[in-house]
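Residue-level structure breakdown
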Amino acid sequence: MARPAKKGLDYYPSDTNRRNDFKIMDLLNQYGPLGYTIYDFCLQYVYENGYFLDVPLQQVCLTLCRDIGAKWVKNKNLVGQVIDYCADIGLFDKDLLRQNVMTSVGIQRRYASVTVRNKVDKSKFWLLGKENCEAALINAPKNGVSATETKVIATETEVSATNMPQIKVNKIKEKEKKTDVFISLLLKDESDYQVTFSQLNNLKNIYTLIDVENELVKMSKYFELHPDNRKSLDDIKSYIDRWLLKRSDEVDRIRKNNSKVPAKRRSTGAFNTGEVVL
């Protein structure tokens, strides 16, 4: 009997320069080292369980207070406020956090790159499209294939030697084209508009305050659920810019408002209930 696939990770990849990420810089500026520690512990909780954590947020707060220590967490409500702020700036998916589910596009992208060859069920709360999962295969180690599994009759594959180089070039170009796609957006005529990783990087350089990947995933889901609101090929680029600009302005307003409110009163999401955590 096959052993069930392990969902949790023993380790996860982390960028050595993530201190320069604007979202991390915002978190450090707002809540200092304690805020970053809370976020880092949350990542550990998520990856220990897989690519999401489906636990009541107040229970997560209690666990954080215990693990970090009462010496450092003077105000227990602050833990919840930090988690809310992480969602506001795009470190966690805000919509799912309201449902007591902690995850994000970035978390899932790193999880996919580590488990690319594992048969792990990724249907629940999965934010990434098929293109993202295929892109993770690029750097994955290639498994050897038995010669008996690839036996081909010579008469069925007869190809001129002069055609072989061109066939290989065409296959390489086709593969590069597929793996360069970050996500596909449905258009009015039922065709797809493909956002490449090159376009994604350009958008990330323009809209530095938000999680552009997460917003594009949301846009894709929006078009799937609202066919009447899909755009034409001529309009889709300007619509993407309008969507990202609007979200960027919202985040900018939140940052400015939070800078005017005392830390103990800052809470904009799931913990804005007036309830005491402990």
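Residues numbered from 1 in each chain as written. Predicted model: local features only at pLDDT ≥ 70, side-chain atom pairs only at ≥ 80, totals over all residues. Heavy atoms only, no water.

**Section: the overall build of the chain**
- Regarding its fold elements, the chain presents 10 helices and four strands.
- The burial tally for the chain puts 39% of its 278 residues in the buried class.
- Taking as baseline every contact in the chain between residues at least 6 positions apart, the subset at least 24 positions apart corresponds to 66%.
- For the chain, the accessible surface area stands at approximately 17,000 Å², while carbon and sulfur atoms represent 51% of it. (Helix = DSSP H or I, 4+ residues; strand = E, 2+ residues; numbered from the N terminus. Buried < 20%, exposed > 50% of the residue type's maximum accessible area, 1.4 Å probe, protein only. Contact = heavy atoms within 4.5 Å. Areas by Shrake-Rupley, 256 points an atom, 1.4 Å probe, with all protein chains shown as cover.)

**Notes on the side chain of Ser104**
- Within the secondary structure, Ser104 is located in the loop between strand E2 (101-102) and helix H5 (105-114).
- Residue class for Ser104 comes out buried when judged on its relative accessible area of 4%.
- For Ser104, the side chain forms a polar contact with the main-chain nitrogen of Ile107, separated by 3.1 Å.
- Excluding residues within four positions of it along the chain, Ser104 makes contact with Leu91, Phe92, Asp93 and Leu127. (Polar contact = N/O pair within 3.5 Å; in protein donor to acceptor, adjacent residues only side chain to side chain.)

**With respect to H5**
- Listed as buried for H5 are Val105, Gly106, Ile107, Gln108, Tyr111 and Ala112.
- For H5, the N-terminal capping position is held by Ser104, with its side-chain oxygen 3.4 Å away from the main-chain nitrogen of Gly106.

**Considering the packing of helix H2 (residues 57-68) against helix H3 (residues 76-88)**
- Contact geometry for H2 and H3: axes closest at 9 Å, N-to-C directions at 120°. Between H2 and H3, the angle is such that the two are oblique. At the point where H2 passes H3, the crossing takes the right-handed sense. On the side of H2, the interface is formed by Val60, Cys61, Leu64 and Cys65, while H3 contributes Lys76, Val79, Gly80 and Ile83.
- In the contact of H2 with H3, the residues fall into six nonpolar, one polar and one charged. (Axes fitted to C-alpha atoms, helices over the stretch in contact; angles between N-to-C directions. Parallel < 35°, antiparallel > 145°, perpendicular 65-115°, else oblique. Left-handed = near helix turned anticlockwise from the far one by under 90°. Nonpolar A, V, L, I, M, F, W, Y, C, P; charged D, E, K, R; others polar.)

**Overview of the pattern of salt bridges**
- Applying the stated criterion across every chain yields a total of 11 salt bridges.
- With a closest N to O distance of 3.7 Å, Glu213 and Lys204 form a salt bridge.
- Judged by its relative accessible area of 8%, Glu213 falls in the buried class.
- Between Arg247 and Glu250 there is a salt bridge whose closest N-O contact spans 3.2 Å. Here Arg247 pairs with Glu250, and both are found in helix H10 (residues 236-258), just three residues apart, close to one helical turn. (Salt bridge = Lys/Arg side-chain N within 4 Å of Asp/Glu carboxyl O.)

**Quick word on the nonpolar core**
- Counting residues in hydrophobic clusters, the biggest one holds 64 residues, and the most contacted among them are Ile83, Met102, Leu216 and Ile240.
- Setting aside anything within four residues of it in sequence, one finds Leu216 in contact with Phe182, Ile183, Leu185, Val195, Leu200, Leu203 and Ile240. (Core = buried A, V, L, I, M, F, W, Y, C linked by side-chain atoms within 4.5 Å.)

**A word on the packing of helix H9 (residues 212-225) against H10**
- It is the contact of H9 with H10, at a shortest axis distance of 11 Å, that shows an interaxial angle of 120°. Compared by their axis directions, H9 and H10 come out oblique. For the pair H9 and H10, the sense of crossing is right-handed. Residue-level inspection shows Val212, Glu215, Leu216, Lys218, Met219, Tyr222 and Phe223 of H9 in contact with H10, the latter providing Ile236, Tyr239, Ile240, Trp243, Leu244 and Arg247.
- When its residues are assigned to classes, the contact of H9 with H10 shows 10 nonpolar, no polar and three charged.

**Examining the state of the cysteines**
- Overall, the coordinates contain zero disulfides when judged by the stated rule.
- Left unpaired, Cys42 is separated from the closest cysteine sulfur, that of Cys86, by 6.8 Å.
- We note that Cys61 lacks a disulfide partner, and the nearest cysteine sulfur, in Cys65, lies 6.3 Å from it. (Disulfide = S-S within 2.5 Å.)

**Some points on unusual backbone geometry**
- Non-glycine residue Asn100 carries a positive phi angle of around 65°.
- Looking at the secondary structure, you find Asn100 in the loop between helix H4 (94-97) and E2.
- A relative accessible area of 30% places Asn100 in the partly exposed class.
- Even without glycine at this site, Phe125 takes up a positive phi of about 60°.
- Summarising the element assignment, Phe125 is placed in the loop between H5 and helix H6 (130-135).

**Focus: the environment of Asp121**
- Locating Asp121 in the fold gives a position in the loop between H5 and H6.
- Along the chain, Asp121 and Lys7 lie 114 residues apart, while their C-alpha atoms are 8.4 Å from each other.
- One polar contact links Asp121 to Ser123, side chain to side chain, over a distance of 2.8 Å.

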